[in-house]
Amino acid sequence: METLWQDLRFGLRQLLRKPSFTLIAVLSLALGIGANTAIFSLVDAVLIRPLPFSDPDRLVMVWEDATKVGFPRNTPAPANYVDWKTQNKVFEDMAAITYGSYALTDEGEPEKVESQNVTANFFPLLGVKPILGRTFTEEEDKPGANRVALISYSLWQRRFGGDSALIGKEILLDGRKYNVLGVMPPGFQFLAKEVGIWTPAAFSAEELANRGGHYLTVVARLKPGVSVAQARTDIAAVTQRINQANPSWTGFELGSTVVSLREQLAGDVRPALIVLLVAVGFVLLIACANIANLLLARGAARYREIAVRTALGAGRGRIVRQLLTESVLLAIAGGATGLLFAWLSFSFLKQIIPESMALNAGVRIDAKVFGFTMLLSLLTGVVFGLAPAFQAAKVDLNEALKQSGGRIGTGVGHRRLRSALVVTEIALALVLLVGAGLLIQTFLQLRALDLGVNPENVLTVRTSLPRSKYSELPKRAAFYEQVLERVRAVPGVVAAGYTTAVPLTWKGGTNGFTVEGRTEGPGQDANSRQATAGYMETMGIKLREGRFFNQHDNAQSQPSGIINETMARQYWPGESAVGKRFKLGGTDSQRPWVTVVGIIGDIKEMGLEAAPKAEMFFPYQQMPETLWNMPRDLTVRTTGDPLSITAAVR
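Predicted model, so just to flag it, every value in this text is computed and none were measured. (Residues numbered from 1 in each chain as written. Predicted model: local features only at pLDDT ≥ 70, side-chain atom pairs only at ≥ 80, totals over all residues. Heavy atoms only, no water.)

### Here we look at the overall build of the chain
Convention followed: Runs of E in the DSSP output that reach at least two residues are strands. Runs of H or I that reach at least four are helices, and both are numbered from the N terminus. Here the radius of gyration uses the C-alpha set of atoms, whereas the globule reference equals 2.2 Å times the residue count to the power 0.38. Any two residues having at least one pair of non-hydrogen atoms within 4.5 Å are treated as being in contact. Using the Shrake-Rupley algorithm and a 1.4 Å probe, accessible areas are obtained, with residue cover drawn only from the displayed protein chains.
Tallying secondary structure elements over the chain gives 19 helices and 22 strands in all. In terms of C-alpha radius of gyration, the chain reaches 32 Å, well past the compact-globule figure of 26 Å for 650 residues. With respect to the principal axes defined by its C-alpha atoms, the chain has extents near 110 × 55 × 55 Å. In the chain, once contacts between residues fewer than 6 apart in sequence are set aside, the share between residues at least 24 apart is 79%. For the chain, the exposed surface amounts to about 30,400 Å²; the carbon and sulfur share of it is 58%.

### Side note on the packing of aromatic side chains
Going by this rule: Put simply, two rings from Phe, Tyr or Trp (the six-membered ring, in Trp's case) pair if the centres are within 6.5 Å, and we call them stacked under 30 degrees between planes, edge-to-face over 60, tilted for the rest. Whether a residue is buried, partly exposed or exposed follows from its accessible area with a 1.4 Å probe, protein chains only, as a fraction of its type maximum: under 20%, in between, or over 50%, in that order.
A complete count under the given rule lists 20 aromatic pairs for this structure. Ring geometry for Phe-122 and Phe-190: centres 5.4 Å apart, planes at 80°, overall edge-to-face. Taken together, the positions of Phe-122 in helix H4 (residues 122–126) and Phe-190 in the loop between strand E8 (176–183) and strand E9 (195–200) put the pair 68 residues apart, joining distant regions of the chain. Both residues of the pair, Phe-122 and Phe-190, belong to the buried class. Both rings, one in Phe-123 and one in Phe-188, keep their centres 6.0 Å apart while their planes meet at 45°; by these two values the pair is tilted. Of the two residues, Phe-123 sits in helix H4 while Phe-188 sits in the loop between E8 and E9, which places them 65 residues apart along the sequence. When sorted by exposure, Phe-123 lands in the same class as Phe-188, which is buried. Here the aromatic cluster, defined as three or more aromatic residues joined through ring pairs, consists of Phe-53, Phe-122, Phe-123, Phe-136, Phe-188, Phe-190 and Trp-198.

### What about the side chain of Asp-141?
How we decide: Pairs of N or O atoms are called polar contacts if they sit within 3.5 Å, as long as, within protein, a hydrogen donor faces a hydrogen acceptor (for residues adjacent in sequence, only side-chain-to-side-chain pairs).
Residue position: Asp-141 is located in the loop between strand E5 (132–133) and strand E6 (148–151). Within the local environment of Asp-141, its side chain forms a polar contact with the backbone nitrogen of Ala-201, the two atoms lying 3.3 Å apart. Residues contacting Asp-141, with those up to four places away along its chain left out, are Val-118, Thr-119, Ala-120, Pro-200, Ala-201 and Ala-202.

### A look at helix H1 (residues 2–17)
Using the following cut-off: Here a helix's expected span is defined as the number of its residues, less one, multiplied by 1.5 Å. Directions are taken from the helix axis to each C-beta atom, and the arc is the one they span.
The terminal C-alpha atoms of H1, which comprises 16 residues, lie 23 Å apart, in line with the 22 Å expected from a rise of 1.5 Å per residue. Of the positions making up H1, those classed as buried are Asp-7, Gly-11, Gln-14 and Leu-15. Along the axis of H1, the buried positions cluster into a sector of 95°, meaning they face one direction only. Projecting away from the buried face of H1 at angles above 90 degrees are the exposed residues Glu-2, Trp-5, Leu-16 and Arg-17.

### Some details on the nonpolar core
Rules: Residue types Ala, Val, Leu, Ile, Met, Phe, Trp, Tyr and Cys, when buried and joined through side-chain atoms within 4.5 Å, form a set referred to as a nonpolar core.
Counting 46 residues, the largest nonpolar core has Phe-122 and Phe-190 as the members making the most contacts within it. Of the residues forming this core, the biggest block, seven residues, is contributed by helix H2 (residues 19–48). Not counting residues up to four positions away in its chain, the partners in contact with Phe-122 are Ala-95, Ile-97, Phe-188, Phe-190 and Val-219. Ranked by size, the runner-up nonpolar core spans 23 residues in total, among them Val-60, Tyr-81, Val-90 and Ala-201.

### Points about the packing of helix H3 (residues 78–87) against helix H7 (residues 228–245)
Cut-off, in case you're wondering: Helix axes are fitted to C-alpha atoms over the stretch in contact, other axes to C-alpha atoms as well, and angles between N-to-C directions run from 0 to 180 degrees. An angle below 35 degrees is read as roughly parallel, one above 145 as roughly antiparallel, one from 65 to 115 as roughly perpendicular, and any other as oblique. Handedness of a crossing follows from how the near helix is turned relative to the far one, being left-handed for an anticlockwise turn of less than a right angle and right-handed for a clockwise one. When residues are sorted by character, Ala, Val, Leu, Ile, Met, Phe, Trp, Tyr, Cys and Pro go into the nonpolar class, Asp, Glu, Lys and Arg into the charged class, and all the rest, Gly among them, into the polar class.
Across the interface, H3 lies against H7 with an axial gap of 10 Å and an inter-helix angle of 125°. In terms of their interaxial angle, H3 and H7 are classed as oblique. Considering only the axes of H3 and H7, their crossing is right-handed. Facing H3, whose interface residues are Asn-80, Asp-83, Trp-84 and Gln-87, H7 presents Ile-235, Val-238, Thr-239, Arg-241 and Ile-242. Looking at the contact of H3 with H7, its residues break down into four nonpolar, three polar and two charged.

### Quick notes on the pattern of salt bridges
Here is the rule we go by: Salt bridge, as used here, is a side-chain nitrogen of Lys or Arg placed within 4 Å of a carboxyl oxygen of Asp or Glu.
Under the definition given, this model contains 21 salt bridges. We note a salt bridge from Lys-112 to Glu-114, for which the minimum N-O separation is 2.6 Å. Where salt bridges share partners, they join Asp-44, Arg-49 and Lys-368 into one cluster.

### Looking at a nonpolar patch on the surface
Just so we agree on the cut-off: Residues enter a patch when their relative accessible area is above 30% and they make no salt bridge; the linking distance is 9 Å between like charges and 5 Å between nonpolar side chains (Val, Leu, Ile, Met, Phe, Trp, Tyr).
Together, Leu-340, Trp-343, Leu-344, Ile-365 and Phe-370 line one region of the surface with nonpolar side chains, adding up to about 520 Å² of accessible area. In terms of residue count, the dominant contributor to the nonpolar patch is helix H11 (residues 316–349) (three residues). Relative to the helices and strands, Leu-344 is located in helix H11. Classification of Leu-344 as exposed rests on a relative accessible area of 52%.

### A closer look at unusual backbone geometry
The phi angle at Ala-202 is positive, at roughly 45°, despite the residue not being glycine. Considering the arrangement of structural elements, one finds Ala-202 in the loop between E9 and helix H6 (205–208). A positive phi is found at Asn-457, a non-glycine position, where the angle reads about 60°. Considering the arrangement of structural elements, one finds Asn-457 in the loop between helix H14 (412–447) and strand E13 (458–462).

### Concerning the environment of Glu-140
Looking at the secondary structure, you find Glu-140 in the loop between E5 and E6. With residues near it in sequence (within four places) discarded, Glu-140 still touches Arg-134, Thr-135, Ala-145, Val-148, Leu-181 and Pro-200. Side-chain polar atoms of Glu-140 contact the side chain of Arg-134, separated by 2.8 Å.

### Focus: the packing of H1 against H2
The interhelical angle for the contact between H1 and H2, taken along N-to-C directions, is 100°, at an axis separation of 5 Å. In terms of orientation, H1 lies roughly perpendicular with respect to H2. When H1 is examined against H2, the residues Leu-15, Leu-16 and Arg-17 are found in contact with a partner set consisting of Pro-19, Phe-21 and Thr-22. Residue classes in the contact of H1 with H2 are distributed as four nonpolar, one polar and one charged.

### Looking at a positive patch on the surface
Basically, it comes down to this: His is not counted here, nor are the chain ends, while Lys and Arg score as positive and Asp and Glu score as negative. To locate a charge, the coordinates of NZ of Lys, CZ of Arg, CG of Asp or CD of Glu are taken.
A cluster of basic residues, Arg-9, Arg-13, Arg-17 and Lys-18, forms a positive patch on the protein surface. The topology assignment puts Lys-18 in the loop between H1 and H2. Judged by its relative accessible area of 48%, Lys-18 falls in the partly exposed class.

### Observations regarding the side chain of Thr-119
Its place among the elements puts Thr-119 in the loop between strand E4 (111–118) and H4. Judged by its relative accessible area of 7%, Thr-119 falls in the buried class. Once residues within four sequence positions are removed from consideration, Thr-119 is found in contact with Tyr-81, Ala-95, Ala-96, Asp-141, Ala-201 and Phe-203.

### A short note on the environment of Asn-293
Checked against the element boundaries, Asn-293 lands in helix H9 (residues 270–301). On the accessibility criterion, Asn-293 (10% relative accessible area) is buried. C-alpha of Asn-293 to C-alpha of Ala-420: the two residues are 127 residues apart in sequence and 9.7 Å apart in space. In contact with Asn-293, not counting residues within four places along its chain, are Arg-418, Leu-421, Val-422 and Glu-425.

### Examining the pairing of strand E22 (residues 633–638)
Every other side chain in a regular strand lies on the same face of the sheet, so the side chains alternate between the two faces. Filter applied, for reference: DSSP-based pairing: two strands are paired if at least 2 bridges between them are found.
Taken across its six residues, E22 has six buried, putting it largely inside the fold. Judged by which residues are buried, E22 turns out to be covered on both faces: Asp-633, Thr-635 and Arg-637 on one side and Leu-634, Val-636 and Thr-638 on the other are all buried. Strand direction decides the pairing type here: strand E14 (residues 493–499) and E22, joined by six bridges, are antiparallel. From the neighbouring strand, Ala-495 faces E22, where its bridge partner is Arg-637.

Written out as structure tokens, the structure reads:
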């Protein structure tokens, strides 16, 4: 320990004696180590750190597989969820979720709060308990039961000032009184980010028998010792029995898929994180090669010093140890500075975390990240310091003590090592430059991608109508018509319209349907949305054939629909789909036949990187029974800055 202390003090003096060299080396290492620390903290948050649920490795998501019609992970129909839950042999339990929102109007300004409507077993299945109060009982998860709710910690703090007396009191949601049962823990999140209220799903018998509407999110917990692969096999067998028992529900060959919750949450970003980790590893290797070159040059300048120390009795191992100590000191200083650089990058890195994990997977410098940085710093010090140290320890005493000029310490081996390091730096830098060029090219192509809509000068406003007040179609129709009439009269407004959800904000529930004249063969499935007259013109959607909706498409007119190009190609290949008819549900469905009145260009509803799926739009006045799909997003095209009319629209 005494010798180590001597080495540390001497190494520190040597580094302080050459401040410019030390500063350059520390900053180079800080960039490399800091980048690795930052990306590792992101990887840890998304891929490594345990999810904040009880035994999270046993949690899985269960989806319908409708790959044949473009939906590999389709939201399940309620009746299929019931069959999966009652017939499976691999799950301890299975819960279902639907999404909505409530108008919170009890105190202060009215506020729209996103909600999840969950079955009573949802929270016990996750192993999550409220910090105050309790969760739902089975009796509360039935139609007609007392209205109860759980609220998020952030809503509790922001709206109610963290008042613990709120438990057991009533709040107004959609004009109805709900009893607050509890407050969820800080950062609790399941898939959706902005959820502030949880209420019982309270499915009716009619809803649970619905096999044509696909809008549930299903989570399950595996039994101990059961793998995801075994669960896939078991649910596939149940799904096959569903197909055999329901051959006429459009003839659609239903599939299923089971994925771990971790894969569901991080699947889309996992490849990107791995690429980033490799890239910053290359950056660190370049920094190491660069510092090694600097140390070689510095070693040549200290050639006579090392020769004198050797002549006084210092062995080669002792010289190497001293030089390595200096390298490790440099690396530790670089690591400490790198931690600061990493911390400064966290505000940007948070944007890379999937939205479904944003509340509970924050990037931070904890014990694991700190330990990673220190270990990486020590390893880096050895990597870039070992070869220069051995090279510097090779001294020719006779030549050195003769003081034969500037060529001392620059022999063939020395020059070869420096050349090898330079070649390595250039090779690694080229790899990074090529990768960066490809990423920039991809980014530019995404920027130029045709979304199928023109988002310039368009304001969007979400107005989720309370079902308690607007459960009847005439009331909803009156609301939409009055809003559109008044908004269109605002100066600067060019067009306005309503839809279920604007592009890229909701991948949508799907509906099975039957094409007229086809009683055999595979069934059909497509995204289903509602819209008002004027919506497609407002969004700049291209009309390929036929017409848009107009004021004559109402409850008294012949049912009409507009489909996208993908749906037209899939189900009416080689012919015009305009004038053709289809109806929601199977061949025995009592719903009316819908006439295709228009074909629109494909819209990037599913994401920039995803191929468009079959999609159908209906006039909202002709779809009274599908409340879950009713319009909620108002779109307004203006002549100037759309935000300038926000106050008037509000």
